[in-house]
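An overview of the molecular structure
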Amino acid sequence: MLVAERLKKIKEILLQKKHIDVATLAELLNVSEVTIRRDLDKLESEGFLIKTYGGAILKEEATKLLSPIIEENSEKEAIAKVCSYMIEDNQAIILTGGNICRLVPKYIKDKKNIIVLTNDLLLALECGKLSIQTIVTGGYLIGNTFMLAGPMLVNPNMDIFVDKAFIEVDGVSLERGFTVNNVEFANAYKYFKSISKETIIVADSSKFDKISLFQIAKVDEIKKVISDTNVPDEYKSFFFENGTQIFCSFDFSDLEREV
C-alpha cells in the first residue's frame, strides 16, 4: 500500500471511530507500528489528528467537544478558583479529568513554573493553549470521556512525585467515602494519591450523599476537600471533628473582596 493511500485510509478510520490505537492501525493496514507512528506524525503536522500515548484522536472531534464538555457555570468556576488559590509557584500538580478541574488551568496561567500532570486530553489541550507545562499520562481512552486510564497509565520506569493532586470525584458519602463510576479511574486516582505529597478532593455539593461504584479513599483519609456553599451540615461537622479542612467557594470570594 502506497503512503498516500495509507494516509487516506487512516483518515477514513479516524473519521469513523474518532480515536484509535497504533497497534490496531498496524494490524488493519498490515504494516509495522513504526510506520504507523510515522504516518500519525505526518497527519498531526497537517492538523488532522492529535497523537496520544499509543494512538491518536481526531482533532476535529476534540475541538468540537471542547466547548460543551468544559462546562462554565458560576458554581464550578468558583470551585476552580479555590483550587487555583492552593497552587503555588514552582509546584508540580495533578489535575484529574472532570468539569471542575478542566476550568483550573485558566486560573493558574500566570503562576510561575507550574507543571501539570493529567489523564484528561481536553484539560491538556487547555493547558497547551495557555502555555502551561503539561505531562499527559499513558493509558487508553475510556469511552467518550477523553480521559485516559488502564494499565499503561504511567511508565513504570519513571519515578514521579508531585506536590498536590486535585482529584474530582463522582460521589461523597460518610459510609463509602470518595467514589467514582469507573474502576479504571479508581485505580488511576489511587495511584495519583500514592505519588502526591497532598491529596485534595474536588466535588460540587450535588455529589454529596451519593455513592458511586468504586471507592478511592475513605471519608476520613483525605484532609482537604473543596466544594461550594451548599455542602450538607452533617459533612461539615464530620470533617471538623475528624480534622479535615473543607474549603467552600464563598470563603475565597470574601478573601478576594478584602484584598
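To start, this report covers the structure provided alongside it. Sequence order as written defines the numbering, with residues in each chain counted from 1. It should be noted that, the model being predicted, local features are given only for residues of pLDDT at least 70 and side-chain atom pairs only at 80 or more, the latter also being counted only at that level, while totals for whole chains, interfaces and linings use all residues. Heavy atoms throughout the structure, all of them, feed into the side-chain values; hydrogens and water do not.

As a further point, take the nonpolar core. Nonpolar side chains in soluble globular proteins tend to be buried together. With 35 residues, the main nonpolar core has Val 169, Phe 178, Tyr 189 and Ile 216 as its most contacted residues. Breaking this core down by element, the ones donating at least two residues are strand 4 (92–95), strand 9 (162–168), strand 11 (177–180), helix 8 (183–194), strand 13 (214–217), helix 9 (233–241) and strand 15 (245–248). If one sorts the elements of this core by residue count, helix 8 sits on top with five residues. Setting aside residues up to four positions removed in sequence, Ile 216 forms contacts with Ile 167, Val 169, Phe 178, Val 180, Ala 186, Tyr 189, Lys 190, Lys 193 and Ile 201. Nonpolar cores are built from buried Ala, Val, Leu, Ile, Met, Phe, Trp, Tyr and Cys residues. Side-chain atoms within 4.5 Å join them into one set. The buried label goes to any residue with under 20% of its type's maximum accessible area, the exposed label to any with over 50%, and the partly exposed label to all in between, with areas taken from a 1.4 Å probe on protein chains only. Secondary structure elements follow DSSP: runs of H or I no shorter than four residues count as helices, runs of E no shorter than two count as strands, and numbering proceeds from the N terminus. Two residues form a contact once any of their heavy atoms are found within 4.5 Å.

The subject of this paragraph is the side chain of Asp 39. Mapped onto the elements, Asp 39 comes out in helix 3 (residues 33–45). In this view, Asp 39 contacts Arg 6, Leu 7 and Ile 10; residues no more than four positions away in its chain are not counted.

It is worth spelling out the environment of Val 225 at this point. As for its placement among the helices and strands, Val 225 is situated in strand 14 (residues 224–227). Along the sequence, Val 225 and Glu 168 sit 57 residues apart, while their C-alpha atoms lie 10.0 Å from each other. The contact partners of Val 225, leaving out residues within four places of it in the chain, are Phe 178, Ile 201, Phe 208, Phe 239, Thr 244, Gln 245, Ile 246 and Phe 247.

Turning next to the side chain of Thr 96. Note that Thr 96 resides in the loop between strand 4 and helix 6 (105–108). On the basis of relative accessible area, Thr 96 is assigned to the buried category, the value being 0%. Sequence-distant contacts of Thr 96, that is, excluding residues within four places in its chain, are made with Cys 101, Asn 119, Leu 123, Phe 166, Ile 167, Glu 168, Tyr 189 and Phe 192.

Before going further, it helps to examine the sheet that holds strand 2 (residues 49–52). Taken in spatial order, the three strands make up an open sheet running 1-3-2, and their pairing is antiparallel. Whereas interior strands pair on both sides, the edge strands pair on one side only; in this sheet they are strand 1 (19–21) and strand 2. Shown here is a sheet whose adjacent strand axes are inclined to one another by a mean of 20°, direction ignored. Alignment of strand 1 against strand 3 (residues 55–58), held across three bridges, turns out to be antiparallel. Within strand 3, the position partnered with His 19 by the bridge is Ile 57. Note on method: axes are straight lines fitted to C-alpha atoms, helices fitted across the in-contact stretch only, with angles between N-to-C directions ranging 0 to 180 degrees. The strands touched by helix 1 (residues 3–17) within the sheet are strand 1, strand 2 and strand 3, with strand 1 carrying the most contacts at an inclination of about 120°. In this fold helix 3 packs onto strand 2 and strand 3, with an angle of close to 135° to the strand it touches most, strand 2. The pairing criterion for strands is at least two bridges between them, as found by DSSP.

To locate leftover empty space, one rolls a probe as large as a water molecule over the atoms. Using a grid of 1 Å spacing that covers the protein atoms alone, one calls a set of points a cavity when a 1.4 Å probe fits there but cannot get out, and a pocket when the set is open and has protein on both sides within 12 Å along at least five of seven lines; lining residues are those with an atom within 4 Å of a point. Grid points are joined across faces, edges and corners, and a volume is the space filled by probe spheres set on the points. A volume near 380 Å³ is recorded for the largest pocket. Surrounding the largest pocket, 20 residues form its lining, Gly 97, Gly 98, Asn 99, Met 147 and Asp 170 being those nearest its centre. Across the lining of the largest pocket, the residue classes break down as six nonpolar, seven polar and seven charged. Only Asp, Glu, Lys and Arg are considered charged in this grouping, and only Ala, Val, Leu, Ile, Met, Phe, Trp, Tyr, Cys and Pro are considered nonpolar; every other residue, Gly among them, is considered polar.

A few words on the packing of aromatic side chains. Stacked, edge-to-face and tilted are the three classes for Phe, Tyr and Trp ring pairs, Trp counted by its six-membered ring, which pair at centre distances within 6.5 Å; planes under 30 degrees apart are stacked, over 60 edge-to-face, the rest tilted. On inspection of all chains with the given rule, the structure shows six aromatic pairs. For the pair Phe 185 and Tyr 189, a centre-to-centre distance of 6.1 Å together with 10° between the ring planes defines the contact as stacked. Remark: Tyr 189 and Phe 185 occur in helix 8; sequence separation between them is four residues, near one turn of the helix. Taking 6.3 Å as the distance between ring centres and 70° as the angle between the ring planes, the aromatic pair formed by Phe 238 and Phe 239 counts as edge-to-face. Here Phe 239 falls in the buried class, since its relative accessible area comes to 0%. Here a set of aromatic residues connected by ring pairs shows up, and it is made of Phe 185, Tyr 189, Tyr 191 and Phe 192. Taking NZ or CZ as reference, Lys 11 lies 5.5 Å from the ring centre of Phe 48, over its face. In this analysis the charged atom, NZ for Lys or CZ for Arg, is taken to sit over a ring once it is within 6 Å of the ring centre and within 35 degrees of the ring normal.

Turning our attention to the packing of helix 1 against helix 3. Axis separation between helix 1 and helix 3 bottoms out at 11 Å; the angle between their running directions is 75°. By the criterion of interaxial angle, the relationship of helix 1 to helix 3 is roughly perpendicular. Residues Arg 6, Leu 7, Ile 10 and Lys 11 of helix 1 pack against Thr 35, Ile 36, Asp 39, Leu 40, Lys 42 and Leu 43 of helix 3. Tallied by class, residues from the contact of helix 1 with helix 3 come to five nonpolar, one polar and four charged. Orientation is classified from the angle alone, with under 35 degrees giving roughly parallel, over 145 giving roughly antiparallel, 65 to 115 giving roughly perpendicular, and any other angle giving oblique.

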